[in-house]
Amino acid sequence: MTKLDLKKDLRYLYSPSAKAVEIVDVPPMRFLMIDGTGDPNTVPEYKEAVGALYSVAYTLKFAIKKREHVDYPVMSLEGLWWVDDYTQFSYTERSNWRWTMMIMQPEIVTEAAFQQAVEDVRKKKNPPLLDKLRFEEYHEGLAAQIMHIGPYADEMPTVKRLHEAILAKSYQLRGKHHEIYLSDPNRSAPEKLKTILRQPIAVKG
C-alpha cells in the first residue's frame, strides 16, 4: 500500500504562520468544487453543498485505495468568497455573498474516477446537490496568506493585517478571498479554530 503524505508535501501551502504574512506561489491543483450563494450560516444550500463534497471525496478516497492500493488523506475544506459588487460588501450582511466550496484532490484522481464516485454516491445517498459538483483545475498563482486562530466571526482584524501587508510589500489584491478550514468546528472550541486566510496578489505595475 502506497501512502501519500499530502499535508507534508504541501506544508508550505497548508501550514502558514499566525504571526507574519507569507508570500507563496500556488501551483495548479485539482479540486472537487461546488458553487452557491447566500449566508453560509442560514442558507440550507451551504450545508447540502458541503455534504455532497465530503460524500464524493470519501468515496473517491476509498475507491482509489481499493483499486490502486494508494491511500491518502481527505484534505481540508476550502472556500472562495466574493460579491459581484465589492462596494456592497458587508461582513454582517451576507445574503449577497457568493462562494465556491472545494476539496483538493491528489494527481491520482482522474475525471473518470470522479464520475464513478458521483454515480456511487448517487446510488447510496443521492444528496440533493450532487449534480452541481465538478472536478476542475484551479491555478491560484502568487498569493499572500496567514493563519487565523479563533472564531470565524473574528477574522476581520486578521484579514486587515493580510491586506495591509500585501500593500506594504508593493503588491495589489486580485481574485477571490480564499479560506482553508483546518479545524472541525464541531470538534474544536471556537477560540482554537485554525483557518488559513489567503489572498491572490499581483505585482503593482
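Residues numbered from 1 in each chain as written. Predicted model: local features only at pLDDT ≥ 70, side-chain atom pairs only at ≥ 80, totals over all residues. Heavy atoms only, no water.

Right, let's talk about the nonpolar core for a bit. Nonpolar side chains tend to gather and get buried jointly when the protein is soluble and globular. Tyr14, Val56 and Met101 are the most contacted members of the largest nonpolar core, which has 50 residues in total. Looking at which element gives the most residues to this core, the answer is helix H3 (residues 44–68), with 9 residues. Apart from the residues lying within four places of it in its own chain, the contact partners of Val56 are Leu32, Phe114, Ala117, Val118, Val121, Leu130 and Leu133. (Core = buried A, V, L, I, M, F, W, Y, C linked by side-chain atoms within 4.5 Å. Buried < 20%, exposed > 50% of the residue type's maximum accessible area, 1.4 Å probe, protein only. Helix = DSSP H or I, 4+ residues; strand = E, 2+ residues; numbered from the N terminus. Contact = heavy atoms within 4.5 Å.)

In this section: the pairing of strand S8 (residues 141–149). Of all 9 residues making up S8, 7 are buried, and the element is well covered by its neighbours. The sheet contact formed by S8 and strand S11 (residues 194–203) spans 7 bridges and is antiparallel. Considered in S11, the bridge of Ile146 is made with Leu197. (Pairing = 2+ DSSP bridges.)

Given 3.6 residues per turn, any residue in an α-helix points the same way as the ones three and four places further on. Between its first and last C-alpha, helix H4 (residues 111–124) extends 20 Å over 14 residues, near the 20 Å set by a 1.5 Å rise per residue. Within the span of H4, buried status applies to Ala113, Phe114, Ala117, Val118 and Val121. Seen along its axis, H4 keeps its buried residues to an arc of 140°; they face one direction. Away from the buried face of H4 by more than 90 degrees, exposed residues Ala112 and Lys123 are located. Contact partners of the buried residues in H4: strand S3 (29–37), H3 and strand S7 (134–138). (Expected span 1.5 Å × (residues − 1). Arc of directions from axis to C-beta.)

Turning our eyes to something else, we now look at the environment of Val24. Inspection of the secondary structure assignment puts Val24 in strand S2 (residues 22–26). Given a relative accessible area of 8%, Val24 falls into the buried group. In this structure, the C-alpha to C-alpha distance between Val24 and Leu162, residues 138 residues apart in sequence, is 13 Å. Setting aside residues no more than four positions away along its own chain, Val24 makes contact with Tyr12, Leu13, Gly141, Leu142, Ala143 and Gln145.

Once that is clear, we can look at the packing of aromatic side chains. Two aromatic rings, taken as a pair, are described by how far apart their centres are and by the angle between their planes. Following the criterion strictly, the structure yields 8 aromatic pairs and no others. Ring-pair connections join several aromatic residues into one group, and the members of that group are Tyr46, Trp81, Trp97 and Trp99. The aromatic ring of Tyr72 is capped on one face by Lys61, whose charged end is 5.9 Å from the ring centroid. The ring centre of Trp82 lies 3.8 Å from the NZ or CZ of Lys176, which sits over that ring. (Phe/Tyr/Trp six-rings, centres within 6.5 Å; stacked < 30°, edge-to-face > 60°. Lys NZ or Arg CZ within 6 Å of the ring centre and 35° of its normal.)

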